[in-house]
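# Tertiary structure, described
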Amino acid sequence: VLPDALLFVLSVFFRKIFILQLVGLVLTYNFTDCDFEKIRKKYQEVIYQALDKYMNGTKSTGFNNYIYCEDPPDCLTKINRITFYPNHGCTSLAQEVFAVRTNAALTLHCPGYSGMQMNNTQAKKKRKKREATTNKCWEQVSPLIELWRRFSRISKQ
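Reading guide: rules and limits
Residue positions within a chain follow its written sequence, with the count starting from 1. Local features in this predicted model are restricted to residues of pLDDT 70 or higher, and side-chain atom pairs are both shown and tallied only at a pLDDT of 80 or more, whereas totals for entire chains, interfaces and linings draw on every residue. Processing note: side-chain calculations cover all non-hydrogen atoms of the structure and skip hydrogens and water entirely. Two aromatic rings from Phe, Tyr or Trp, using only the six-membered ring of Trp, form a pair when their centres are within 6.5 Å; if the ring planes differ by under 30 degrees the pair is stacked, by over 60 it is edge-to-face, and anything between is tilted. Working definition: with a 1.4 Å probe on protein chains only, accessible area under 20% of the residue-type maximum means buried, over 50% means exposed, and in between means partly exposed. Runs of E in the DSSP output that reach at least two residues are strands. Runs of H or I that reach at least four are helices, and both are numbered from the N terminus. Among buried residues, those of type Ala, Val, Leu, Ile, Met, Phe, Trp, Tyr and Cys that are joined through side-chain atoms within 4.5 Å constitute a nonpolar core. We call two residues in contact when some of their heavy atoms are within 4.5 Å. Axis definition: a line fitted to C-alpha atoms, limited for helices to the stretch in contact. Angles are taken between N-to-C directions and run from 0 to 180 degrees. Each angle is binned into one of four classes, with values under 35 degrees roughly parallel, values over 145 roughly antiparallel, values of 65 to 115 roughly perpendicular, and all other values oblique. Left-handed describes a crossing in which the near helix is turned anticlockwise from the far one by less than a right angle; the clockwise case is right-handed. Residues are sorted three ways: Asp, Glu, Lys and Arg are charged, Ala, Val, Leu, Ile, Met, Phe, Trp, Tyr, Cys and Pro are nonpolar, and all the rest, Gly among them, are polar. A pairing counts as a salt bridge when a side-chain nitrogen of Lys or Arg comes within 4 Å of a carboxyl oxygen of Asp or Glu. Disulfide: a pair of cysteine sulfur atoms within 2.5 Å of each other.

As named in an unreviewed UniProt entry, the chain is Thymic stromal lymphopoietin, taken from Suricata suricatta.

### Some points on the packing of aromatic side chains
What the rule picks out here adds up to eight aromatic pairs. Note on Tyr29 and Phe31: the rings are 4.8 Å apart at their centroids and 75 degrees apart in plane angle, and the pair reads as edge-to-face. Residue class for Phe31 comes out buried when judged on its relative accessible area of 1%. Look at Tyr43 and Trp148: their rings are 5.1 Å apart centre to centre, the planes differ by 5 degrees, and that puts the pair in the stacked class. Taken together, the residues Tyr43 in helix 2 (residues 36–55) and Trp148 in helix 6 (residues 135–154) connect sequence positions 105 residues apart. Across the pair, exposure class does not vary: Tyr43 and Trp148 are buried alike. Grouping aromatic residues by their ring pairs yields a cluster made of Phe36, Tyr43, Tyr48, Trp148 and Phe151.

### Some thoughts on the nonpolar core
Formed by 34 residues in total, the largest nonpolar core has its most connected members in Leu51, Leu76, Phe98 and Trp148. Only helix 2, helix 3 (72–84), helix 4 (97–109) and helix 6 provide two or more residues apiece to this core. With nine residues, the top contributor of residues to this core is helix 6. Among residues more than four places away in sequence, those in contact with Leu51 are Tyr43, Phe98, Val141, Leu144, Ile145 and Trp148.

### So, the packing of helix 2 against helix 6
It is at 10 Å that the axes of helix 2 and helix 6 come closest, and there the two elements cross at 150 degrees. Comparing the axis directions of helix 2 and helix 6 gives the class roughly antiparallel. Like other packed secondary-structure pairs, helix 2 and helix 6 cross with a definite hand, here left-handed. Across the interface between the two elements, Phe36, Ile39, Arg40, Tyr43, Gln44, Ile47, Leu51, Tyr54 and Met55 of helix 2 pack against Cys137, Trp138, Val141, Ser142, Leu144, Ile145, Trp148, Arg149, Phe151 and Ser152 of helix 6. A per-class count over the contact of helix 2 with helix 6 returns 14 nonpolar, three polar and two charged.

### Some words on the pattern of salt bridges
Tallying each qualifying case throughout the model produces four salt bridges. In this structure, Lys78 and Asp74 form a salt bridge, with 3.3 Å as the shortest nitrogen-oxygen distance. Here the residue Lys78 and the residue Asp74 both occupy positions in helix 3, the gap between them amounting to four residues, near one helical turn. Assessed through its relative accessible area of 18%, Lys78 is described here as buried. The residue Arg149 makes a salt bridge to Glu146 at a minimum N-O spacing of 2.8 Å. Of this pair, Arg149 and Glu146 both sit in helix 6, three residues apart, which is roughly one turn of the helix. By relative accessible area, which is 32% here, Arg149 ends up partly exposed. For Glu146, a relative accessible area of 18% translates into the label buried.

### Some points on the state of the cysteines
Throughout the structure, instances matching the rule amount to three disulfides. Here Cys34 is linked by a disulfide to Cys110, with a sulfur-sulfur distance of 2.0 Å. Where Cys34 bonds to Cys110 through sulfur, the torsion about that S-S bond is close to 115 degrees, and the disulfide is right-handed. Of this pair, Cys34 sits in the loop between helix 1 (4–27) and helix 2 while Cys110 sits in the loop between helix 4 and helix 5 (120–128), and the two are 76 residues apart along the sequence. By relative accessible area, which is 1% here, Cys110 ends up buried. Paired through a disulfide, Cys90 and Cys137 show a sulfur-sulfur distance of 2.2 Å. Taking the sign of the torsion about the S-S bond as the criterion, the disulfide between Cys90 and Cys137, at about 115 degrees, is right-handed. Here Cys90 is found in the loop between helix 3 and helix 4, whereas its partner Cys137 is found in helix 6, with 47 residues between them in sequence. Disulfide connectivity for the chain, with bonded cysteines indexed by sequence position, reads 1-5, 2-3, 4-6.

Encoded structure:
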């Protein structure tokens, strides 16, 4: 028979593991049920132009950090991660026009995708403190452009 203190510690430990597993399930989205054709059209109609404008003439091929994706869900998972989860040196991508349009496309065409939630107060603060586009940001957006291109090609099939 285990002492009460050990039982308490184990129950707290397993409760925390359970909560962490739930958080992991909430934070990751499986993009398999998305309407890839509609997302591809949104990319071609509005997201591409915003990405191109963001890069402002910088060649995406000038950076050597290509990320491969196997299929449309894998591409969208990587696009989502790069676009919405800040990277050291480039923390403001989620507020850029291409990110807002990406969020809208995924929210509209992926059942159950909750998208990035940001209230107006946060958005105003971010806009005031928006960092200048730097090489770090371009290095992050460069593979994003390649992922979108690959997604566009393979989602036609």
